[in-house]
Each structure stands twice: as C-alpha cells, then as structure tokens.
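# Summary of structural features
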Amino acid sequence: MSPQRLLSLAALAVLALAPLVVSEFSVTLLNYIGLASLVAIGCSLLTGVGGLTSFGQAAFVGLGAYTTAVLTTQFGWSPWLTLPAGLALTTAVAMLLAVITLRLSGHFLPVGTIAWGISLYYLFANVDGLGGQTGITGVPPLQIGEHVVNTGREFYYLVWIFVVLALVAMRNLLDSRPGRAIRALRGGVMMAESCGVDTQHYRAVIFLVSALLACLSGWLYAHLIRFVNPSPFSINLSIEYLFMAVIGGASHVWGAVVGATVLTVLKQWLQDILPRLIHASGNFETIVFGLLMVLLLQRARTGIMPFLSRFLPLEQPVAVPDLEPSKVEPEATLASRPKPAAGEPLLEVRQAVRRFGGLVAVNRISFEMRAGEILGLIGPNGAGKSTMFNLITGVLAPSAGEVWLRGERVDHLRSRQIAQRGVARTFQHVQLRPGMSVIENVAIGAHLRASGGVMGAALRLDRAAERSMLREARVQLERVGLGAELLAPAGSLPLGSQRILEVARALAADPMLLLLDEPAAGLRYQEKRALADLLVRLRGEGVSILLVEHDMDFVMNLVDRLVVMQFGEQIATGLPHEIQANPAVIEAYLGGVE
Amino acid sequence: MDVQIALLLSQDGLTNGAIYALLALAIVLVFVVTRVLWVPQGEFVSYGALTLASLQLGKVPGTVWLLVCAGLATALVDGVVAWREGRWRRLPRSLAFNVALPLALAALATWLAPRNPPLIVQIVLSIALIVPLGAMVYRLAFQPLQRASVLVLLIVSVAVHFAMQGLGLVFFGPEGARTPAFTDARFELGVMTVSGQSLLVIGASMLLIIVLYLFFERTIYGKALRATAVNRTGARLVGISTTLAGKLTFTLAAGIGAVSGILVAPIATIYYDSGFLIGLKGFVGSVVGAIVSYPLAAVGAVLVGMLESFGSFYASALKEVIVFTALLPVLVWLSLRTRHVEEEDEE
C-alpha cells in the first residue's frame, strides 16, 4: 500500500473515531469545521487552483440554508427535496453571474459577487417572508428513513461524509483532463486556449462547483442549527471562507480542511480572549485575521500545505502509463487526424497588417505554405515575427488582411478554434505550469483529442481516456528526449528543455501545422541536431512546420523556403540559397556599407 | 411622487453621489497606478467622520493612537529592512515621517482637542491625522507585493479592510456619531429648497476634483502617477519609482477618503463599519468606467447616489439591494462591449 493511501486511511480512522472520544463542545466545533471545509474546498478550487475569486460564497451558503428553511417550514417539503431545489437555484444564480462577468478580466467576478453577496444579505434581512433579522425558526431535523438525526455526534458523521466525498471528488477532478485544463487557467489564458481549452467554460465550471458546495454547506447548516438568520451569510463570512482557502493553500485538496480548521479554531479562541484583553465586546478577531493574511500572502503565498508536505507523504504522483506494446490496450491510443497530402495548399497569409497604436508591427505580409513543408520566418529582433505567429494562431486579430487555412478564412477565429483545426504552437516566452509535472504539462496539449467532463472525472469514469492521454504525452516526451523527466516539476527543467517540453506539448495535439517560436534557443549543439532530426522526421510524417529561429545554421539546413521580415515589412521570400545571397537580407542582418 | 419630492430626492442623490464620486475617483486612481482593487477606501471615510466627531466633542480622537501605532509599525519594518540590507541612508526619513510626524500630530491633537478650536481647524487636523495612514498602509501591506498578481493584491486588499475595520472598532468604539451641519443656510430656488449643506458638499467635491485634475495635469508628481498608470515598466525606466508612486497614490486616497468622511459626517450617522458600504458604493460607481476611466467613474457614482435616493423613497428597506443589484446590468453592458480578453496571470 502506498504511503499516501496509508495516510488517507489513518485520517479517515481519526475522523471516524473522533466523536467517540472528544467532548460535546469539540463535536460542535468539528461540525462547524466540516461545514466551513465544504465551502473552503470550493474556494480552494476557485481561487487557489483556478485563479478566480468570489466574495459571494457566504451568500451561496445562505441561499442553501434559506431555501430549505422556507420550503420546509412554510411549504412542508422534505429536506431531501429542498437540497436539489437549493442546488438548482444556486446553479441559476452562479451561471448568471458567470455569464455576465467571465467575459471580462478576472477581477470582475469578485466585483460581481460583492454585489450579489451584499444584495442577498439585505434581501434576507428585509423581506418579510424570510423572517427579517430575526430569521426563521423551527427548521425540521434531517431524517434518514425513520431515524431522526438530532444529536451533534450523529450530525458529525453526516457532515464529514459529505466533506470526504467532496475531497475525493476534488482530488479525482484535479487529476484528469478537465482538471489539467482548470490548473492551466492560472498560467495565463493564452497557453490554455492555444491547446484548445475553453477557458471561459472552465472558469464558469469551477465557479459553479464552488457555489454548489457552498449551497450544500448551507443546507446542512440549516438542519444542524434548525434556525436561520442573515448574519452568518454576510460578506465578512465570504471573506473568511476565502482566507481559509489561502491559509491551507491549493497545493493539496486537504489544504481547505486545514485552513478551515485553523481559522475556525483561531476565531473561537480569539473571540474568547480578545474582548477580555481590550475590555470591550466586538469582532476584534478580524484585526488578527487581516494582519495574518497580509503576512501570509507576503511571506508564504502557497499556504500551510507545502510545509506539511515536507513531513507527510501528501503528494500522489501521476500514474505514468506503460509504453510496452504488450501492456497497452488497443483502445488506449488516441485517434490521429488525417494529414493533408504533401503539396496541398495549407496556409495562406494575404496582406496581413497589425497595428499597436501608432506602431505597425506587421505590415502587409503575404506568404503561403504547402503541406509537408518547413517554412522559416526569419528577421532581426523586433521584425514582427512573433506578432505574425499570434495573427496566424488567433491570439491577435489582424488590423487588415486575411489568413486562410486549407481554404477556410480563419483570421476572425479565436485561438481555441484554430487549435481545433489542427494548428499547434510553442511560445517565444515559455508558457507552462511550473508546478505541474512534465507529463501533465504535455497532456494539456492533447486536450482536444479526448473528451470527458467534470462529473465523469470526479467519479473516476474517465480512466481509459486518461490513460490514453498520458500515454500520448509520454510518447511525445520520449520522442523529444525528455523521457527521463516525466514526473519532474516542469519549472525545474533548464530553459532549453522547457522549450522542448513545449514542442512535445504541441505534438501531443497531433497537429497538421506546427508553429515553433525559437525552439532551438538555449539548446546545446547536440540537442539542436536532435531537434533538427525530429523536425525532418515530422515533415516526413506529413506535419508542416512554420519556424521562427535565429540560429542561421539550424535554419538554413532545415527549411524548404524562407520569409524574411524587417521592421514589420516583408523584405524577401525564397529558397535558402537565394535568401543568403539577397542584398536586402544581408543589409538587414549586417547593416549596409555607408 | 410630485415634482417637489422628485427635486428633493435628486438633491439628496446628487449630494451623496458627489461623495461617492470622490471615492470612485480614489478607487480608480489606486487601481490604475498600483493594480490594487482598493476595497477599504471606505475605512478612511469612517476614520475621517469619527475623528471630526471626536474633536467636536472636545475628545482626543482614537485616530491619534492608531496613527502612532501604525507609524511605529512602519518604522519598525523599515528599520528591519535597513538592518538586513545594511543600508541606513533612508532610515532617518522613515523615522521622521513614521515616528516624528505622528507624534507631533498626536501632541497637537491632544493639546487642541479640549480647547474647542474653530471648525476649520478641526477639519484640517482630522485630515492631517488620516493622510499619513495612506502611505503607511501601502508600505506595510502592498510595497512587498509590487509584482504580485491582481488576484493576490485583491485578497490583501480585503485583508487590510478586515484589519482596518477591526482597528476602527478598537480606536473609535461601537457608538455612531453624527456631526452638526456645517451650515443651516437654505435657498429658495423656484419650487425647491436647496440646503446649504448640500451645496457645500457638492461644491467641495467639485473643488477637490478640479484640484486633482490640476495635480495630474500640471505637476511633475501628478504626471509621474499618470505615467506609472500607463506603463509601470516604462515609468521605472525613466526613473519613476513604483514605491514612490504607490505611496503617493495611497496618500491621495487617504486624503480623499478623509475629506469624504468629513463631508458625510453631518449627513448620516457614521459607525466604525459604515465606511465599508459607502466605499463599496463608490466601487459600484467606478465599475461603470470599468475601474479605469475617471469621468465614467464619477458619472457612475452620481447615478449610484440617485438610484439610492429614489430607491429609498420607493422601497426604503431594499435600497442597498437596489444599488448593488444595479451593478449587474452594468457588468452585462461592459461584457457586451468587450471582444475578448487574454490576460496573463503569474504564480
């Protein structure tokens, strides 16, 4: 048995036995920790993993609590029916907020949720049917069959079963195709979209998941306390849930539980001790929380979990699939896309222009590429080569001109849609998730070649697709010579290898057109040779390659044709030996003779 | 509703809107220069109102101790950094600003408070006690995080809000305060009565906006802040320190907050935690301009004031719900105007 599994079993045993030995008061505290953990797990996914923030989580808790309180007390519903009702209501609200904020920059989601959190709080407090500030009493207890769950100890098991289920689902989710897409969100939208990840979709998904967990917590809360009033659902509580996620850190799913425990216990203790110190009553603990968070974010932004990981075997490495043919199930290979026949027209750029304010970075560039060709795009620094890449891959829209891919005009498409059409790229400034393993980074590249959503991942119904994606990632890594580094964190590789990792990631997408932005920079001579050999082999397999590179030996021995740019203008197009003899090119590179 | 009520409500709305506009401008300023979504702007408002209220009662305001404590903490941090880096050159300046200045202000306030000085002296003293807090907050909370992402800065911002609100409770107590009106003058203008108080608030806001405009257009520091807002790296390359820009911005924000607090003090009863909601209304206003446009932020803030005023007439209990829900259509509108964003975020 792996040490991780042993640790999980030990934790489960402690959880199961705890209420038998601790005091009634501690059971109550543990119940609150469990309820907070549910919300914090969502915050951890949303903020820690996905890089978004919500100040409306307490309002979602309130939505869950009030839905069940109103439906059970005023309409006589069974609590087991009010849970789906609350979840449905939460879904509607969360999707509305997601739709109207997620097209904007990341900081508009928190702004929108502040509005939602405050509005709902005042609605609870001021609508007559909701009991106003006094709230709603007489919420019935939960009943399982004939059995009424009405002691703290019984409720404890109910709460923590939900917490453990949420943790398992979250761990499963993060270790899957949608999970990698979610983990890629924080690394910048550009990389994720270039791999075909619909970042808006996944941002909406994690916001929804976190809202649903909060709603579940609220439902449990209402039936534990059997009374609801507005105060536990204020924006301050939303901020505390966020703090829990930050304290624990997102490096491990248990972080949310650790954060919830630390903050809940600390709050209990501070509310006890501070009023006596200050000789006044009030919520003075907010001062300590505030200062603590500032210090934590300045000094240890990753929270407590990385510290705990040093002492406990928390990290569960990804299961690397075997490559031996005898052990590979036949269905475990991803389908390949049919490549266009050599010589078929592939890419055509017509009079492309891109302006940034007054600067014309790309000015009326035109060229075409045929399938099975390696085309070099060269030019001095600042010539507009990377801008040209961004125009072809949909990161930028051209100010004028057209880009055609296999007879289809694509210049108005987003990078994700262009990725779907079989275009993969690397970046001049490496874009990868430094904390994720090498093999997982490459598996992001295969995102579009498999399917499978969040539910399937959470329930582990996706293992066959998952194995084939990781297998593909491993195949591509072996191919580029990084087979020995599969489980290393991508950020630990030297820069040259990180560029090669990006090549493997692009290959995992099974592209027909590969755009490489300075792939050989930072490589040693032997590594450059190996890269050149690989590119030639790829050409043989029908992959067309557009290459930006400064190493002229590397370029001239490899490419079929060249386009030369200078200050955004196209100064030459032709075969390598023509370009080498072209006076304009020589002048651009060496400077003219005055 | 008849015309008279509508005019009265508009007057109220404009008055509050003028204050929200000041706060919205401060929030935009802080965001464009430092990328901090400055949630605690309202805390300066509470501090300003409660400081003035204390002085009017002849009491030494709690701000005095808050300022001295914050100054000592800042000097301590500067001292530790100086010691660790072995660079002592800047320390005297830090000590002067963070220790000597607060102590001098504290002495002055303690001496003046029981002597019931004229209103204008009380106002100037209140502002003087709060303005230095801005740079201290920047130094303590945000200066070490200059390269952090907007997300991290936002979480720090709400953490600072938590701390400042709690400290407000410690230093001002749970009681609310409302200062007497600055003037009882009233003017008949056709069918409506205009209160001198409203004119004063609107006039003061507009004056401050003009001063800010001149500061940004005409002075070297104002231009430095604008340069930083346009391009932080570029500004640094021409010698504008990000730290200086940050401290200056937060100083301005604290000043604007304090003035807003003084203007709002006679209009509403202010508690230690009232500022948060007032500041958030400024925030709602600033979102109309996507938190980057000053004029749109001011327009948005005035709309918030109007909405609140008319909202409280129709459904008094739900006015906050109305104001904050109004943000949603604004977000829809912003969303429809945006093509798509591909922004970068760091670890």
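Residues numbered from 1 in each chain as written. Chains lettered and ligands numbered in written order. Predicted model: local features only at pLDDT ≥ 70, side-chain atom pairs only at ≥ 80, totals over all residues. Heavy atoms only, no water.

Broken down by element type, chain A carries 23 helices and 14 strands. For the C-alpha atoms alone, the extent of chain A along its principal axes is close to 90 × 60 × 45 Å. Counting the 594 residues in chain A, one finds 57% classified as buried. The contacts in chain A between residues at least 6 apart in sequence include a share of 75% that link residues at least 24 apart. Of the accessible surface of chain A, which amounts to about 23,800 Å², a share of 60% is contributed by carbon and sulfur atoms. A gap of 3 Å separates the mean positions of the 46 positive and 43 negative side-chain charges of chain A. (Helix = DSSP H or I, 4+ residues; strand = E, 2+ residues; numbered from the N terminus. Buried < 20%, exposed > 50% of the residue type's maximum accessible area, 1.4 Å probe, protein only. Contact = heavy atoms within 4.5 Å. Areas by Shrake-Rupley, 256 points an atom, 1.4 Å probe, with all protein chains shown as cover. Lys, Arg positive; Asp, Glu negative; His and termini not counted. Charge placed at Lys NZ, Arg CZ, Asp CG, Glu CD.)

So, about the packing of helix α11 (residues 254-278) of chain A against helix α12 (residues 285-299) of chain A. Residues and elements named next belong to chain A. In the contact formed by α11 and α12, the axes pass within 9 Å of each other and the chain directions differ by 135 degrees. In this view, α11 runs oblique relative to α12, as classed from their interaxial angle. Counting all contacts with α11, which are made through Leu263, Leu266, Lys267, Leu270, Gln271 and Leu274, the residues of α12 involved are Glu285, Val288, Phe289 and Leu292. Its residues assigned to classes, the contact of α11 with α12 shows seven nonpolar, one polar and two charged. (Axes fitted to C-alpha atoms, helices over the stretch in contact; angles between N-to-C directions. Parallel < 35°, antiparallel > 145°, perpendicular 65-115°, else oblique. Nonpolar A, V, L, I, M, F, W, Y, C, P; charged D, E, K, R; others polar.)

Another point: the pairing of strand β6 (residues 359-370) of chain A. Alignment of strand β5 (residues 345-356) of chain A against β6 of chain A, held across eight bridges, turns out to be antiparallel. Along β6 of chain A, the bridge assignment pairs arginine 355 of chain A with valine 360 of chain A. (Pairing = 2+ DSSP bridges.)

Turning next to the pattern of salt bridges. All names here are of chain A. Throughout the structure, instances matching the rule amount to 31 salt bridges over all chains. In this structure, aspartate 272 engages arginine 276 in a salt bridge whose closest nitrogen and oxygen atoms are separated by 3.5 Å. With aspartate 272 and arginine 276 both in helix α11 and four residues apart, the pair spans about one turn of that helix. When its relative accessible area of 47% is taken as the criterion, aspartate 272 is described as partly exposed. The exposure class of arginine 276 is exposed, given its relative accessible area of 58%. Across the pair arginine 561 and glutamate 373 runs a salt bridge whose closest N-O atoms are separated by 2.6 Å. Linking arginine 561 in strand β13 (residues 561-566) with glutamate 373 in the loop between β6 and β7 (374-378), this pair joins segments that are 188 residues apart in sequence. The class for arginine 561 is partly exposed, based on a relative accessible area of 22%. When its relative accessible area of 10% is taken as the criterion, glutamate 373 is described as buried. When salt bridges with common partners are traced through the structure, they connect Glu348, Arg350, Glu402, Arg409 and Asp411 into a single cluster. (Salt bridge = Lys/Arg side-chain N within 4 Å of Asp/Glu carboxyl O.)

All names here are of chain A. Strand order across the open sheet formed by six strands is β10-β11-β12-β7-β13-β14, with mixed pairing between neighbours. In this open sheet, the two edge strands, each paired with only one partner strand, are β10 (423-425) and β14 (569-574). Strand-to-strand, the axes of this sheet are offset by a mean angle of 15 degrees, without reference to chain direction. Packing of helix α19 (residues 495-508) onto the sheet brings it into contact with β10 and β11 (513-517), and relative to β11 it is tilted by some 165 degrees. Helix α20 (residues 525-540) rests against β7, β11 and β12 (544-548) of the sheet, and its axis sits at about 150 degrees to β12.

Two measures define how a pair of helices packs: the angle their axes make with one another and the distance between the axes. Residues and elements named next belong to chain A. Packing of helix α2 (residues 24-49) against helix α6 (residues 152-174) leaves a shortest axis separation of 9 Å and a crossing angle of 20 degrees. Overall, the two elements α2 and α6 adopt an arrangement that is roughly parallel. Our pair here, α2 against α6, has a crossing hand that is left-handed. Seen from α2, the contacting residues are Glu24, Val27, Leu30, Asn31, Ile33, Gly34, Leu35, Ser37, Leu38, Ile41, Leu45 and Val49; seen from α6, they are Gly152, Arg153, Phe155, Tyr156, Val159, Trp160, Phe162, Val163, Ala166, Leu167, Met170 and Leu174. Taken together, the residues that form the contact of α2 with α6 break down as 18 nonpolar, four polar and two charged. (Left-handed = near helix turned anticlockwise from the far one by under 90°.)

A separate point is the environment of serine 198 of chain B. All names here are of chain B. One can find serine 198 in helix α7 (residues 196-218). Here the alpha-carbon distance between serine 198 and lysine 223, two residues 25 residues apart in the chain, equals 32 Å. Serine 198 has contacts with Gln11 and Thr15, leaving out every residue within four places of it along the chain.

Now for the interface of chain B and chain A. Each partner contributes residues to the interface: chain B has 55 residues there, and chain A has 62 residues. Across the chain B to chain A interface the summed buried area is about 4,900 Å²; carbon plus sulfur atoms make up 69%. At the surface where chain B touches chain A, the tally comes to zero salt bridges. At the junction of chain B with chain A, the criterion picks out five residue pairs in polar contact (both at pLDDT 80 or more). Within the residue set of the side of chain B that touches chain A, elements represented by two or more residues are α5 (119-142), α6 (150-172), α11 (274-288), α13 (319-325) and α14 (327-337) of chain B. (Buried area = accessible area lost by both parts, 1.4 Å probe. Polar contact = N/O pair within 3.5 Å; in protein donor to acceptor, adjacent residues only side chain to side chain.)

A general trend in soluble globular proteins is that nonpolar side chains are found buried together. Core analysis: the largest hydrophobic core is formed by 214 residues, its most contacted members being Phe60 and Phe243 of chain A together with Trp38, Phe142 and Val287 of chain B. In terms of residue count, helix α1 (residues 3-34) of chain B provides more of this core than any other element does, 16 residues in total. Beyond its immediate chain neighbours, meaning those up to four positions away, phenylalanine 142 of chain B contacts Gln298 of chain A together with Val36, Trp38, Val137, Leu153, Val156, Ser157, Val160 and Phe250 of chain B. Counting residues in hydrophobic clusters, the runner-up holds 52 residues, among them Val318, Ala443, Leu493 and Ala506 of chain A. (Core = buried A, V, L, I, M, F, W, Y, C linked by side-chain atoms within 4.5 Å.)

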